[in-house]
Amino acid sequence: MKQPTLLILLWISATLFAQKPCGYSANITDSIGTYKSTKDYMIYENNFAGHSKYIFFTLVSTNGTPTLSINIIQKSKDFLKANCFDKNSKLFLQLNNGKIITLLLLEQEICGTMIRDDKGFDNRILTGSFMFIKGSIAALKSSHVNMIRIKYATEMEDYVMKKEFKSELNNQIYEPETYFMNNLHCIE
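No experiment lies behind these values; they were computed from the predicted model shown.

**Points about the overall build of the chain**
Working step 1: Along the chain, the regular secondary structure elements total 3 helices and 13 strands.
Working step 2: Classification of the 188 residues of the chain by burial places 38% in the buried group.
Working step 3: Within the chain, contacts between residues separated by at least 24 positions form 56% of all contacts whose residues are at least 6 apart in sequence.
Working step 4: Put simply, the chain shows about 11200 Å² of open surface, and 56% of that area lies on carbon and sulfur atoms.

**So, the pattern of salt bridges**
Working step 1: For the structure on display, the rule yields 6 salt bridges.
Working step 2: A salt bridge links R116 to D122; the nearest nitrogen and oxygen atoms lie 3.0 Å apart.
Working step 3: R116 sits in the exposed class, given a relative accessible area of 57%.
Working step 4: For the salt bridge of E188 with K141, the shortest nitrogen-to-oxygen distance reads 2.6 Å. Here K141 lies in helix α2 (residues 136–142) and E188 lies in the segment after α3 (179–183), a separation of 47 residues in the sequence.
Working step 5: For E188, a relative accessible area of 56% corresponds to the exposed category.

**Notes on the state of the cysteines**
Each disulfide is one covalent bond, formed between the sulfur atoms of two cysteines.
Working step 1: For the coordinates displayed, the defined rule picks out 2 disulfides.
Working step 2: In this model C22 forms its disulfide with C186; the gap between the sulfur atoms is 2.0 Å. What sets the handedness of the C22 and C186 disulfide is the S-S torsion sign, and at about -95° it is left-handed. Pair noted here: C22 is in the loop between α1 (2–17) and β1 (24–29) and C186 is in the segment after α3, with a separation of 164 residues, a long-range link.

**Some details on unusual backbone geometry**
Working step 1: The phi torsion at A49 lies on the positive side, around 50°, for a residue other than glycine.
Working step 2: Summarising the element assignment, A49 is placed in the loop between β3 (41–48) and β4 (51–62).
Working step 3: For A49, a relative accessible area of 65% gives the class exposed.
Working step 4: Look at N63: it is not a glycine, yet its phi comes out positive at around 50°.

**Thoughts on the packing of aromatic side chains**
Working step 1: Inspection of every chain in the model, using the stated rule, returns 10 aromatic pairs.
Working step 2: Here the aromatic rings of F57 and F180 are separated by 5.8 Å at their centres, their planes lie at 50°, and the arrangement is tilted. With F57 in strand β4 and F180 in helix α3, the pair connects residues that are 123 residues apart, well separated along the chain. F180 carries the same exposure label as F57, and that label is buried.
Working step 3: Through pairs of rings, three or more aromatic residues link up here, namely Y41, F57, F132, F165, Y174, Y179 and F180.
Working step 4: The cationic tip of K75 hangs over the ring face of F121; the distance from NZ or CZ to the ring centre is 5.1 Å.
Working step 5: Sitting over the face of the ring of F121, K77 holds its NZ or CZ atom 5.0 Å from the ring centroid.

**Topic: the environment of I125**
Working step 1: Mapping I125 onto the fold places it in strand β9 (residues 122–132).
Working step 2: You can call I125 partly exposed: its relative accessible area is 29%.
Working step 3: In this structure, the C-alpha to C-alpha distance between I125 and A82, residues 43 residues apart in sequence, is 9.5 Å.

**Focus on the nonpolar core**
Working step 1: Counting residues in hydrophobic clusters, the biggest one holds 32 residues, and the most contacted among them are F57, F85, L91, I150 and F180.
Working step 2: What F57 contacts, discounting residues up to four positions off in sequence, is K39, D40, Y41, I43, L68, S69, I70, L91, I148, Y179 and F180.
Working step 3: M42, F56, F165 and Y174 belong to the second largest nonpolar core, which has 5 residues in total.

**Some details on the pairing of strand β5 (residues 65–76)**
Each regular strand displays side chains that alternate between the two surfaces of the sheet.
Working step 1: As defined by bridge partners, β4 adjoins β5 across 11 bridges and the pair is classed as antiparallel. Within β5, the residue paired with S61 across the bridge is P66.
Working step 2: As consecutive antiparallel partners, β4 and β5 are separated by 2 residues, and within that stretch N63 has a phi angle of approximately 50°, a positive value.
Working step 3: In terms of strand pairing, β5 meets β9 through 10 bridges, oriented antiparallel. Along β9, the bridge assignment pairs Q74 with R124.

Rules used throughout
- Residues numbered from 1 in each chain as written.
- Predicted model: local features only at pLDDT ≥ 70, side-chain atom pairs only at ≥ 80, totals over all residues.
- Heavy atoms only, no water.
- Helix = DSSP H or I, 4+ residues; strand = E, 2+ residues; numbered from the N terminus.
- Buried < 20%, exposed > 50% of the residue type's maximum accessible area, 1.4 Å probe, protein only.
- Contact = heavy atoms within 4.5 Å.
- Areas by Shrake-Rupley, 256 points an atom, 1.4 Å probe, with all protein chains shown as cover.
- Salt bridge = Lys/Arg side-chain N within 4 Å of Asp/Glu carboxyl O.
- Disulfide = S-S within 2.5 Å.
- Phe/Tyr/Trp six-rings, centres within 6.5 Å; stacked < 30°, edge-to-face > 60°.
- Lys NZ or Arg CZ within 6 Å of the ring centre and 35° of its normal.
- Core = buried A, V, L, I, M, F, W, Y, C linked by side-chain atoms within 4.5 Å.
- Pairing = 2+ DSSP bridges.

Put into structure tokens, the structure is as follows:
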């Protein structure tokens with residue numbers, strides 16, 4: 001009786017703690033070095049009154065140095081305010097355990113790109129790469145993220161992370177709270 005119970009407990013614990021497989025958009029090793037980039041993952045989506053905003057994360061490892069790439073896409077027929085990253089921009093991740101992780105912008109100044117589509121919508125795309133500070137990866141692997149604060153050049157914006165949501169854009173299910181727990185192993 002003890003052996004079947006022990007086997008069931010081992011199987012349950014193995015399935016609960018198993019790492020998810022990695023999906024890469026790039027995984028290159030050549031004479032220059034190595035480059036790994038995970039697929040874009042939607043962290044935030046807001047569609048309201050003809051205005052849409054999407055935030056995507058991508059984890060990148062260049063010769064063993066991990067970074068986080070963020071893509072912010074806004075879509076509207078109305079005026080879209082430009083937010084820029086500058087040398088003082090930061091990304092703050094508040095964890096469920098109360099700890100706050102700070103990531104630093106790698107570039108100097110980025111204001112993104114404005115593109116008008118064939119349906120008359122203005123699309124503003126802002127992309128930035130942020131560097132992990134020593135010790136932050138271990139903390140992100142052990143706790144859920146419940147809030148993100150982005151410090152732009154002139155203001156800050158907060159985004160509350162959902163445990164799970166179904167995207168209106170592509171009907172996929174995303175789990176933003178556990179993004180780092182499930183994906184950081186892909187770039188180590």
